[in-house]
Amino acid sequence: MAASTPCSSLNKMINKEEERDHESIKIVERSYQRYREIISTLPQEKGWIAENMCLYEGFWYQPMHGLAGVMFAQEHFQARPDDVLLISTPKSGTTWLKAIVFAIMKRTCYTNSSHPLLTTNPHDCVPFFEFELFQKPPVADVDNLPSPRIFATHIPYSSLPKSILNSGCKIVYVCRDPKDALISMWYFLAKVRSKELPPLALDEAVDLFSRGIFGYGPFWDHVQGYWKASLECPERIFFITYEEMKRDTFVKVKRLAEFLGQPFSMEEEREQVVEEIIELCSFGKLRNLEVNRNGSRNPDFKNDVLFRKGEVGDWRNHLTPQMVDRLNQITYEKLPGLF
């Protein structure tokens, strides 16, 4: 019998790898088919961006925009101890938080003139599990990313992948006064809501929000889950409000760096590295960059919709006293003393 040649052995290896890849793709596609079947059976209510939202594990999601990615992350994501997870309620300063944490952790990798944030939207620097990495097949190969990895998600604490809870990785969580989060979402959806649907009136948005029907809501339950977890494990979960970040940005950026295990050195402070990061990631700076004024992340989503005002207390210009009383009552009951 003729001995196999190196070339034939290599071809066999390549063929086996291709077979494994093909089988892996089929397994992923079967998973997403199963997710779609599960989603079709979930309870539904009127949606903000699409016609309906559905209830999964006690929280509300857009059925075909992110929920399948959440399910895939729950089943397949393997966290590492040095991962960093940026988690938030929607419209609570997520874009700003991504920019700041990315700039802190990568501050020795780039010069001020070559920084990726000058030409790349923060959401592309720190991708979401459910919207970018795992939204649909083919999924991203996150296992081959170098450490430390930085990811983002809106997944509630009780629904996080078990590997995240068991790994000891760090979580940075930001939330916002629910009244401002509501108004920010209302303006945001006016730009991205399906054109086939009529505009959502503010009083209707307040009613939905108050009943918990909001992306990844109930809002108060989402915040409460991470708030309680941060009190139990402050070394693992850095909990902060948008208002705190706005009020004392310098101190909070320094605390963030310490929490992430990358404190600023005395020399960095003398060279005003903290101030440089704050300026690079400021709302005005990011909003006026070409990538965020005219760039887009897909044909239906322009980057400028992520930047409106970034102010604290804008709800005063929109909500009636009755709306404010309704929202405040829920906040006082569920999150006493937080906002």
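All figures in this text were calculated on a predicted structure; none of them were measured in a lab.

Visitor: Got a minute to help me understand helix H3 (residues 94-105) in this structure?
Guide: In an α-helix, one turn spans 3.6 residues, which is why side chains three or four residues apart end up on the same side. Here H3 contains 12 residues, and its C-alpha end-to-end distance of 16 Å stays within 8% of the 16 Å for a straight helix at 1.5 Å per residue. By the criterion of burial, H3 is predominantly enclosed, with 12 of the 12 residues buried. Regarding H3, the residues found buried are Thr94, Thr95, Trp96, Leu97, Lys98, Ala99, Ile100, Val101, Phe102, Ala103, Ile104 and Met105.

Visitor: Could you clarify how one ought to interpret the nonpolar core in this entry?
Guide: Among soluble globular proteins, nonpolar side chains are generally buried collectively. The biggest cluster of nonpolar side chains holds 103 residues, and the ones touching the most others in it are Trp48, Phe129 and Leu319. For this core, the element with the most residues is H3, which contributes nine residues.

Visitor: Could you clarify how one ought to interpret the packing of helix H9 (residues 219-232) against helix H16 (residues 321-334) in this entry?
Guide: Between two packed helices, what matters for the description is the angle formed by their axes and the separation of those axes. H16 packs onto H9 with a crossing angle of 25° between their chain directions and a minimal axis gap of 10 Å. For the element pair H9 / H16, the angle class is roughly parallel. In the crossing of H9 with H16, the sense of the turn from one axis to the other is right-handed. Across from Trp220, Asp221 and Gln224 in H9, the residues of H16 making contact are Leu327, Ile330, Thr331 and Lys334.

Visitor: I keep staring at the side chain of arginine 176 and nothing clicks. Help me out?
Guide: When you line up the elements, arginine 176 lands in the loop between strand S6 (170-175) and helix H7 (178-192). Buried within the structure, arginine 176 lacks any salt-bridge partner; aspartate 180 is the closest side chain of opposite charge, at an N-O distance of 4.5 Å. Engagement of the side chain of arginine 176 in a polar contact is seen with the backbone oxygen of lysine 91, the distance being 3.1 Å. There is a polar contact of 3.0 Å between the side chain of arginine 176 and the backbone oxygen of glutamate 311. In this structure arginine 176 touches Thr89, Lys91, Ser92, Ala181, Ser184, Phe219, Tyr242, Glu243, Gly310, Glu311 and Phe339, once residues within four positions along its chain are discounted.

Visitor: Looking at this structure, how should I read the pairing of S6?
Guide: Strand residues, when the strand is regular, have side chains that alternate between the two faces of the sheet. A large share of S6 lies buried, amounting to five of its six residues. In terms of strand pairing, S6 meets strand S7 (residues 237-241) through five bridges, oriented parallel. Its bridge partner lying in S7, isoleucine 171 is registered against isoleucine 237.

Visitor: How should H7 be read in this particular structure?
Guide: The end-to-end C-alpha separation of H7 is 21 Å, in line with the 21 Å expected for 15 residues at 1.5 Å each. Buried residues in H7 make contact with helix H8 (202-210), H9, helix H10 (242-247), strand S9 (301-302) and H16. Put simply, aspartate 177 is the residue that caps the front of H7, since its side-chain oxygen is 2.8 Å from the backbone nitrogen of lysine 179.

Visitor: Sorry if this is basic, but what is going on with the sheet that holds S6 here?
Guide: The pairing of strands in a sheet happens through backbone hydrogen bonds and is either parallel or antiparallel. What the four strands build is an open sheet, ordered S5-S4-S6-S7; its pairing is parallel. One side of each edge strand has no neighbouring strand; the edge strands of this open sheet are strand S5 (150-153) and S7. Across the sheet, the axes of successive neighbouring strands diverge by a mean angle of 20°, strand direction being ignored. Examined bridge by bridge, strand S4 (residues 84-88) and S6 share five bridges and lie parallel to one another. When the bridges of S6 are listed, leucine 85 appears paired with isoleucine 171. Across the face of the sheet, H9 comes into contact with S4, S6 and S7 while running at roughly 130° to S7. Contacts from helix H11 (residues 249-259) reach S6 and S7, with the element oriented near 165° to S7.

Rules of the game
- Residues numbered from 1 in each chain as written.
- Predicted model: local features only at pLDDT ≥ 70, side-chain atom pairs only at ≥ 80, totals over all residues.
- Heavy atoms only, no water.
- Helix = DSSP H or I, 4+ residues; strand = E, 2+ residues; numbered from the N terminus.
- Expected span 1.5 Å × (residues − 1).
- Buried < 20%, exposed > 50% of the residue type's maximum accessible area, 1.4 Å probe, protein only.
- Core = buried A, V, L, I, M, F, W, Y, C linked by side-chain atoms within 4.5 Å.
- Axes fitted to C-alpha atoms, helices over the stretch in contact; angles between N-to-C directions.
- Parallel < 35°, antiparallel > 145°, perpendicular 65-115°, else oblique.
- Left-handed = near helix turned anticlockwise from the far one by under 90°.
- Contact = heavy atoms within 4.5 Å.
- Lys, Arg positive; Asp, Glu negative; His and termini not counted.
- Salt bridge = Lys/Arg side-chain N within 4 Å of Asp/Glu carboxyl O.
- Polar contact = N/O pair within 3.5 Å; in protein donor to acceptor, adjacent residues only side chain to side chain.
- Pairing = 2+ DSSP bridges.

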